[in-house]
Amino acid sequence: QAPAKSSAAMKWVAAVSFVILLSFAESRLLNKRDHNGHDHDHQGHGHGHDHDHEGHDPHEHRKTVGDVFKVLGEDRFKALAMIMVSQYLQKCPYEEQVQRVKAITEVGQVCSQGARRADCAHPAITVVLDELCKTPENAEKYPAHAQCCAKSGPDRNICFVEHKLTDPDAIPPHESPKPEAACHSYTADRANFLGGYIYEVARRFPMMYAPAILSVTEKLENIVVECCKDDAARDQCFTEKITSLRKGLISLSAIQKHNCIVLKRFGARVLQASKLVQISQKYPKISLKLAQELTSDVVHLHEDCCKGDTMECTLERLDLVTKTCKIGRAHV
């Protein structure tokens, strides 16, 4: 009996995992540890009552910046902060973004240690936006910056999201380093190399979900590690694998951008209906109640990600994975 039960459990977990794959088009996302067993250290290198639930619906379960820091850890917190600042201020140089992420991380760190200060009661997105608004930006580069920073509460985040530069030509194409240079840069400073890649991807794909960017970055690192082993085959290895990675990146970004457009134009119900149909068709044996529950969670996840809240988006993703596995065990 045990093997049959185990087999049933595996099938159920596979079924509910499909729900997650629908959300992120097979992104692997934010493992606790990478394939070599060491922690990722992507380098990024920040409620008053008017900030409560910035950019979110009242029913959402918000975590303070210190809580988020504890859950994610410093390295992942930095990576997600880099994604957020790069997607909001897309024309700023990497060095500037590194300083912003350093400031945001310092807030998260001290708050996670129990510091009693006003910003420790804020969600992470408020801390990030406060940092973005700390210094006036060039009006030619960011004509809406002053306008957005003058707003408070959810309106401030909405303003920044609405003024993201989504035109493919808004940011000049990224020139990838030559294979030899990439191998050297990675070996010399892994964190800075991966942090720079996160920055370049995030600012060119401002609607792409943070967990997906982390997944793509992990794939890039695997490519670098593999291709740099053999000098003779290095160039060809990079050419083939990077080309494939870019195609997948563009396709994944288009899917996620489409989901955000559907949410904005038609609302959550339309996206929920679409996801429910997909899940029900793929796994007809799942009960309607369960399918509806999972669909609601998936759509809620999309809402967080489309609002630009990288921290909450990632935490929602992790929560959904945990939930689906628990449900799977309970239904076998």
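Our structure's up above, just so we're on the same page.
These numbers were taken from a predicted model, which means no experiment stands behind them.

Asks: Any details on the overall build of the protein chain? Residues and values, ideally.
Replies: Within the protein chain one finds 14 helices and zero strands. Secondary structure of the protein chain in N-to-C order comes out as α-α-α-α-α-α-α-α-α-α-α-α-α-α. For the protein chain, the residues scored as buried account for 49% of the 332 residues in total.

Asks: Please set out the pattern of salt bridges residue by residue, giving values where relevant.
Replies: Pairing between side chains becomes possible if they bear opposite charge and their charged atoms approach one another. Applying the stated criterion across every chain yields a total of 12 salt bridges. In this structure, Arg117 engages Asp119 in a salt bridge whose closest nitrogen and oxygen atoms are separated by 2.8 Å. Judged by relative accessible area, Arg117 falls into the partly exposed class, the value being 39%. We note a salt bridge from Glu131 to Lys134, for which the minimum N-O separation is 2.8 Å. Judged by its relative accessible area of 13%, Glu131 falls in the buried class. Connected through shared salt-bridge partners, Glu96, Arg100 and Glu137 make up one network.

Asks: Tell me about the state of the cysteines, and name the residues and values.
Replies: Under the criterion given, the structure shown has seven disulfides. One disulfide in the model links Cys260 with Cys306; its S-S distance is 2.1 Å. Residues Cys260 and Cys306 are joined through a disulfide that is left-handed, its torsion about the S-S bond being -90 degrees. Here Cys260, found in helix H11 (residues 234-266), pairs with Cys306, found in helix H13 (residues 288-306); they are 46 residues apart in sequence, far enough to count as distant. The exposure class assigned to Cys260 is buried, which follows from its relative accessible area of 7%. Judged by relative accessible area, which is 12%, Cys306 ranks as buried. Bridging Cys305 to Cys313, the disulfide has an S-S length of 2.0 Å. Since a negative S-S torsion denotes a left-handed disulfide, the Cys305-Cys313 link at about 80 degrees is right-handed. Taken as a pair, Cys305 and Cys313 share a single burial class, namely buried.

Asks: Give a detailed account of the packing of helix H5 (residues 124-132) against helix H7 (residues 154-162), specifying residues and quantitative values.
Replies: Orientation of H5 relative to H7, taken along the N-to-C sense of each, is 65 degrees, at an axis distance of 11 Å. As the angle between them shows, H5 and H7 are arranged roughly perpendicular. Relative to H7, the crossing made by H5 is left-handed. Residue-level inspection shows Ile125, Thr126, Leu129 and Asp130 of H5 in contact with H7, the latter providing Arg156, Asn157 and Phe160. Considering only residue class, the contact of H5 with H7 consists of three nonpolar, two polar and two charged.

Asks: Can you lay out the environment of Leu263 for me, pointing to particular residues and giving the numbers?
Replies: Tracing the backbone through its elements, the reader meets Leu263 in helix H11. Looking at Leu263, the relative accessible area reads 13%, which means it is buried. As a C-alpha pair, Leu263 and His302 span 39 residues in sequence and 8.4 Å in three-dimensional space. Ignoring sequence-local partners within four residues, the contact set of Leu263 consists of Ala268, Leu271, Val299, His302, Glu303 and Cys306.

Asks: Now, about the nonpolar core: what can you tell me, with residues and values included?
Replies: One finds Met82, Ile83, Tyr88, Met208 and Met311 to be the most contacted residues of the largest nonpolar core, which totals 64 residues. Setting aside anything within four residues of it in sequence, one finds Met208 in contact with Gln87, Val201, Ile213, Val216, Leu249, Leu252, Ser253 and Gln256. Judged by nonpolar contacts, the second largest core, of 13 residues, contains Met207, Leu263, Cys313 and Leu320.

Asks: So what's going on with helix H8 (residues 179-188)? Residues and values would help.
Replies: All of the buried residues along H8 are Pro179, Ala182, Cys183 and Tyr186. Taken around the axis of H8, the buried residues stretch over an arc of 100 degrees, which confines them to a single face. Seen from the buried face of H8, the exposed residues on the opposite side, beyond 90 degrees, are Glu180, His184 and Ala188.

Asks: Would you mind going over the packing of aromatic side chains in detail, with residue names and values included?
Replies: Scanning the entire structure with this criterion turns up four aromatic pairs. Geometrically, the ring pair formed by Tyr88 and Phe160 is stacked, given 5.6 Å between the ring centres and 20 degrees between the ring planes. Of this pair, Tyr88 sits in helix H3 (residues 74-88) while Phe160 sits in helix H7, and the two are 72 residues apart along the sequence. Each of the two residues, Tyr88 as well as Phe160, counts as buried. Between the aromatic rings of Tyr186 and Phe193, the centroid separation amounts to 5.8 Å while the plane-to-plane angle is 85 degrees, which identifies the pairing as edge-to-face. Like Phe193, Tyr186 is buried.

Cut-offs and rules
- Throughout, residues of each chain are indexed from 1 in the direction in which the sequence is written.
- Since the coordinates come from a predicted model, pLDDT governs what is reported: local features require at least 70, and pairs of side-chain atoms require 80 or more to be given and counted, while whole-chain, interface and lining totals use all residues.
- The basis for every side-chain value is the complete set of heavy atoms in the structure, and neither hydrogens nor water enter the calculation.
- In DSSP terms, a helix is any run of H or I states spanning at least four residues, a strand is any run of E spanning at least two, and both are numbered starting from the N terminus.
- Each residue is assigned to one of three classes by its accessible area relative to the maximum for its type, calculated with a 1.4 Å probe on protein chains only: buried under 20%, partly exposed between the two thresholds, exposed over 50%.
- Any Lys or Arg side-chain nitrogen located within 4 Å of an Asp or Glu carboxyl oxygen qualifies as a salt bridge.
- Note that a disulfide, as used here, is simply two cysteine sulfur atoms within 2.5 Å.
- To obtain each axis, a line is fitted to C-alpha atoms, and for helices this fit is confined to the stretch in contact; angles are then taken between N-to-C directions over 0 to 180 degrees.
- The cut-offs work like this: below 35 degrees is roughly parallel, past 145 is roughly antiparallel, 65 to 115 is roughly perpendicular, and the gaps in between are oblique.
- Should the near helix be turned anticlockwise from the far one by less than a right angle, the crossing is termed left-handed; should it be turned clockwise, right-handed.
- Throughout, a contact is declared for two residues whenever any of their heavy atoms are within 4.5 Å.
- Charged means Asp, Glu, Lys or Arg here, nonpolar means Ala, Val, Leu, Ile, Met, Phe, Trp, Tyr, Cys or Pro, and polar covers whatever is left, Gly included.
- Side-chain atoms within 4.5 Å link the members of a nonpolar core, which is a set of buried Ala, Val, Leu, Ile, Met, Phe, Trp, Tyr and Cys residues.
- It is the directions from the helix axis to the C-beta atoms that the arc portrays.
- Within 6.5 Å between ring centres, the rings of Phe, Tyr and Trp (the latter by its six-membered ring) count as paired, and their orientation is classed by plane angle as stacked under 30 degrees, edge-to-face over 60, tilted in between.

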